[in-house]
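What the coordinates show
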Amino acid sequence: MFRSRLAAATATAALAAGAVVGFAPLAAAAPAAVAASPCVNDLQAAQASNNAAIAADQANDTKAAFASNLGTATSLASALGDCAGQPPVVGTNVLTASAANATAIVYNLLGSASSALGSEQATASAISQALASAT
């Protein structure tokens, strides 16, 4: 009886060790999270700075909004190059966002937060549409 228990314990241990060895390569082969493309990173940065501009204009702080608009313009300029291999709708929306952001810059220079806010909301819409199609 002792031998049968010893044999059963040995067999169980061997199966457990085999399972660990068998599953270990599967765990090691699990794919890592896919990193965002430079295009998506640029668009997310533009979205963040545009959201800051919207918040500043809602608080009637055109100087802070202007600084955020410049950050948005920089990110959108980077996106123009980085999104070159994306579907055409992405480039179209980046250009639309750039034009609306340029208008917001002018309005903030003139001190018109309410007018700039409309342009920033148009920028936000175009960026969101670009992000929806970008990979």
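So, here is what we can say about the structure in this document. Model, not experiment: these values are computed from the prediction. (Residues numbered from 1 in each chain as written. Predicted model: local features only at pLDDT ≥ 70, side-chain atom pairs only at ≥ 80, totals over all residues. Heavy atoms only, no water.)

**Description of the side chain of S49**
Here is the rule: Numbering goes from the N terminus for both helices and strands, where a helix is a DSSP run of H or I of at least four residues and a strand is a run of E of at least two. Burial classification: accessible surface area is computed with a 1.4 Å probe over protein chains only, and a residue below 20% of its type maximum counts as buried, one above 50% as exposed, and the rest as partly exposed. Should any heavy atoms of two residues lie within 4.5 Å, those residues are considered in contact.
Tracing the chain through its elements places S49 in helix α2 (residues 38-58). Residue classification places S49 among the buried positions, given a relative accessible area of 14%. For S49, the contacting residues outside a window of four places in its chain are S68, G71 and T72.

**Observations concerning a nonpolar patch on the surface**
Inclusion rule: Two joining distances apply to patches: 9 Å for like charges and 5 Å for nonpolar side chains (Val, Leu, Ile, Met, Phe, Trp, Tyr), and every residue must have over 30% relative accessible area and no salt bridge. Using the Shrake-Rupley algorithm and a 1.4 Å probe, accessible areas are obtained, with residue cover drawn only from the displayed protein chains. A carboxyl oxygen of Asp or Glu within 4 Å of a side-chain nitrogen of Lys or Arg is what we treat as a salt bridge.
A cluster of nonpolar residues, V106, Y107 and L110, forms a patch on the protein surface that exposes about 300 Å² of accessible area. Position of Y107 relative to the elements: it lies in helix α4 (residues 88-110).

**Here we look at the state of the cysteines**
Filter applied, for reference: Two cysteine sulfurs form a disulfide in these notes if their separation is within 2.5 Å.
With the rule as written, the count across this model stands at one disulfide. A sulfur-sulfur distance of 1.9 Å marks the disulfide that ties C39 to C83. Because the sign of the S-S torsion sets the handedness, a value of about 95 degrees for the bond joining C39 and C83 places this disulfide among the right-handed ones. Taken as a pair, C39 in helix α2 and C83 in the loop between α3 (62-82) and α4 lie far apart in primary sequence, 44 residues in all. Judged by its relative accessible area of 5%, C83 is buried.

**Description of the packing of α4 against helix α5 (residues 113-133)**
Applicable threshold: Note on definitions: angles span 0 to 180 degrees between N-to-C directions of axes, and those axes are lines fitted to C-alpha atoms, for helices only across the stretch in contact. Roughly parallel covers angles under 35 degrees, roughly antiparallel covers those over 145, roughly perpendicular covers 65 to 115, and oblique covers all other angles. Here a crossing is called left-handed whenever its near helix is offset anticlockwise from the far helix by less than a right angle, and right-handed whenever the offset is clockwise.
In contact at an axis separation of 8 Å, α4 and α5 are set at 165 degrees when each is read in the N-to-C sense. On the basis of the axis angle, α4 is roughly antiparallel to α5. Crossing handedness for the pair α4 and α5: left-handed. From α4, V89, V90, N93, V94, T96, A97, A100, N101, T103, A104, Y107 and N108 reach across to α5, where they touch A113, S115, A116, S119, E120, A122, T123, A126, I127, Q129, A130 and S133.

**Describing α5**
Let me state the cut-off plainly: Given the number of residues in a helix, its expected span is that number minus one, multiplied by 1.5 Å.
A rise of 1.5 Å per residue sets the reference length of α5, with its 21 residues, at 30 Å; its end C-alpha atoms lie 30 Å apart and thus fit the reference within 8%. The complete set of buried residues in α5 reads A113, A116, L117, S119, E120, T123, A124, A126, I127 and A130.

**Remarks on the nonpolar core**
Just so we agree on the cut-off: Here, nonpolar core means buried Ala, Val, Leu, Ile, Met, Phe, Trp, Tyr and Cys residues that are tied together by side-chain atoms lying within 4.5 Å of each other.
The biggest cluster of nonpolar side chains holds 14 residues, and the ones touching the most others in it are C39, L43, L76, C83, V90, V94 and A134. Ranked by residue count, the leading element in this core is α2, at four residues. Setting aside residues no more than four positions away along its own chain, A134 makes contact with C39, V40, L43, Q86 and V90.

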